[in-house]
Amino acid sequence: MSIIRVHDKQFEPYLTANDINSRIKALAQQLDKDYAGKKPLFIAILNGSFIFAADLFKELSIDVEICFIKLASYKGTKSSGQVITAIGLDTDLFGRDVVIIEDIVDTGKTLSEFLPQLKHQQPASMKIVALLHKPEATVFPIPIDYLGFSIPNKFVVGYGLDYDGLGRNIREIYKLVE
Ligand code: 5GP
């Protein structure tokens, strides 16, 4: 692995495909154990999590369902500021064991605004699995129940994550050279 270019920026190798795969296997083992005998509903948040969600899902042995949603934010009224809504959530969450799949938790803003909306539907439980977390960037603390990697506060691409639309198809994760 060597330095790559995406658009106008340079990125250096950070996590290999091997690092990612073995971490995902460990996460799946833990999830298999914790959800044995249940039938959880995984909700993957697009676009960034599509590769992570697929790879994690393939490793699970339990009975499990998955759906994919996209979050759209728009300006609400002055008092509510930005409002985040889910597009494509057509499953009733009432009484379900829900597991949210997120690519990366940065400030935590997205999930902190979105999770209460899901909780409103009264799932039996709700946990979060995230591939990456930038603890130094936290503004809205989010409890991440299953975490792939804690990373420094640097911009990363690859493995589903993009820089301005490109880089999602890179098999490894690269970080911005500053
Ligand atoms: P948060 O709301 O936690 O600040 O941001 C979450 C979203 O920001 C992620 O789902 C992702 O789309 C985007 N994001 C945050 N950090 C990075 C990064 O380092 N690389 C890429 N490609 N996207 C990021």
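This text follows the structure it describes.
Residues numbered from 1 in each chain as written. Predicted model: local features only at pLDDT ≥ 70, side-chain atom pairs only at ≥ 80, totals over all residues. Heavy atoms only, no water.

A. Broad picture of the pattern of salt bridges. Counted according to the given criterion, the structure contains 9 salt bridges. Put simply, aspartate 162 and arginine 168 hold a salt bridge, and the shortest N to O gap is 3.4 Å. Residue class for aspartate 162 comes out partly exposed when judged on its relative accessible area of 24%. (Salt bridge = Lys/Arg side-chain N within 4 Å of Asp/Glu carboxyl O. Buried < 20%, exposed > 50% of the residue type's maximum accessible area, 1.4 Å probe, protein only.)

B. Main features of the sheet that holds strand β1 (residues 4-6). Across the sheet, 4 strands lie side by side as β1-β2-β10-β9; this open sheet has antiparallel pairing. At either end of the open sheet lies a strand with only one pairing partner, and these are β1 and β9 (156-157). Judged from the 4 bridges that link them, strand β2 (residues 9-15) and strand β10 (residues 173-176) form a sheet pairing that is antiparallel. Residue leucine 15 lies in a different strand from β10, and its bridge partner there is isoleucine 173. (Pairing = 2+ DSSP bridges. Helix = DSSP H or I, 4+ residues; strand = E, 2+ residues; numbered from the N terminus.)

C. View of unusual backbone geometry. The omega torsion of the bond from leucine 46 to asparagine 47 falls at -5 degrees, within 30 degrees of zero and hence cis. Locating asparagine 47 in the fold gives a position in the loop between β3 (41-46) and α2 (50-59). Phi at glutamine 122 takes a positive value of approximately 55 degrees, unusual for a residue other than glycine. On the secondary structure map, glutamine 122 appears in the loop between α3 (109-119) and β7 (125-133).

D. Structural view of the pairing of strand β6 (residues 97-105). Of all the 9 residues making up β6, 9 are buried; the element is thus mostly covered by neighbouring parts of the structure. The pairing of β3 with β6 spans 4 bridges and is parallel. Within β6, the residue paired with isoleucine 43 across the bridge is isoleucine 100.

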